[in-house]
Amino acid sequence: VQLVESGGGLVQPGGSLRLSCAASGFTFRLYDMNWYRQAPGKERELVAVITSAGGSANYADSVKGRCTISRDNAKNTVYLQMNSLKPEDTAVYYCHARLLLHDYWGQGTQVTVSS
């Protein structure tokens, strides 16, 4: 199983970023996918969840209305579109999958929101 995130970077407050997570080594279309983030000195927190077919998504209150999770099962990729970014969104963002009670994580991608 491999999860590879990309798309992070430095953005000004109010800006947008689109994170991608390319998955391999498992049958991607069968599993829910998650985005987490971890800010310096803080616990890792769940940001967004999308069901296997992409028909349902849930978000942390802190990003609701500003972020959209989506997936392309033909490309084995899950996305996180983040708009109206705030300095408090600064964190390492991780892609996550739970397969048969095992947790798999990507290496993370840094998002920094600063002027």
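Structure: see above.
Being a predicted model, the structure only gives us computed values, none of them experimental. (Residues numbered from 1 in each chain as written. Predicted model: local features only at pLDDT ≥ 70, side-chain atom pairs only at ≥ 80, totals over all residues. Heavy atoms only, no water.)

Turning to the overall build of the protein chain, a few remarks are in order. Secondary structure summary: the protein chain contains 0 helices and 11 strands in total. When the helices and strands of the protein chain are listed from N to C terminus, the series reads β-β-β-β-β-β-β-β-β-β-β. In terms of C-alpha radius of gyration, the protein chain reaches 13 Å, essentially the compact-globule figure of 13 Å for 115 residues. Taken along the three principal axes of its C-alpha coordinates, the protein chain extends 40 × 25 × 20 Å. Taken over 115 residues, the protein chain has a buried fraction of 41%. In the protein chain, the proportion of contacts linking residues at least 24 apart, taken out of those at least 6 apart, comes to 51%. Total accessible area on the protein chain is roughly 6100 Å²; 47% of this is exposed by carbon and sulfur atoms. Positive and negative side-chain charges in the protein chain, numbering 11 and 9 respectively, have mean positions lying 4 Å apart. (Helix = DSSP H or I, 4+ residues; strand = E, 2+ residues; numbered from the N terminus. Rg over C-alpha atoms; globule rule 2.2 N^0.38 Å. Buried < 20%, exposed > 50% of the residue type's maximum accessible area, 1.4 Å probe, protein only. Contact = heavy atoms within 4.5 Å. Areas by Shrake-Rupley, 256 points an atom, 1.4 Å probe, with all protein chains shown as cover. Lys, Arg positive; Asp, Glu negative; His and termini not counted. Charge placed at Lys NZ, Arg CZ, Asp CG, Glu CD.)

Time to look at the sheet that holds strand 1 (residues 2–6). The sheet built from 4 strands is open, its strands ordered 1-3-8-7 with antiparallel pairing. Two strands close off the open sheet at either side, each with one partner strand: strand 1 and strand 7 (67–72). Strand-to-strand twist across the sheet, computed as the mean angle between neighbouring axes with direction ignored, equals 15 degrees. Looking at chain direction, strand 7 and strand 8 (residues 77–82) are connected through 6 bridges and run antiparallel. Each residue of the ladder has a partner; that of C67, found in strand 8, is M82. (Pairing = 2+ DSSP bridges. Axes fitted to C-alpha atoms, helices over the stretch in contact; angles between N-to-C directions.)

Counting 29 residues, the largest nonpolar core has M33, W35, V78, L80, M82 and Y93 as the members making the most contacts within it. When residues of this core are traced back to their parent elements, those giving at least two are strand 3 (17–24), strand 4 (33–38), strand 5 (45–50), strand 7, strand 8, strand 9 (91–99) and strand 11 (109–113). Per-element tally for this core: the top contributor is strand 9, with 5 residues. With sequence-adjacent residues up to four places away left out, L80 is seen in contact with L17, R18, L19, W35, V47, A48, C67, T68, I69 and Y93. (Core = buried A, V, L, I, M, F, W, Y, C linked by side-chain atoms within 4.5 Å.)

On to the environment of K42, then. Relative to the assigned elements, K42 resides in the loop between strand 4 and strand 5. Sequence-wise, K42 and A91 are 49 residues apart; in three dimensions their C-alpha atoms are separated by 9.4 Å.

Below, the discussion takes up the pattern of salt bridges. A full pass over the atoms with the stated rule returns 5 salt bridges. The partner of R37 in a salt bridge is E45, with the nearest N and O atoms 2.6 Å apart. On the basis of relative accessible area, R37 is assigned to the buried category, the value being 6%. A salt bridge links D89 to R66; the shortest N-O distance between them is 2.7 Å. Placement of D89 in the loop between strand 8 and strand 9 and of R66 in the loop between strand 6 (57–59) and strand 7 is noted, with a sequence separation of 23 residues between them. For the pair formed by D89 and R66, the shared burial category is buried. (Salt bridge = Lys/Arg side-chain N within 4 Å of Asp/Glu carboxyl O.)

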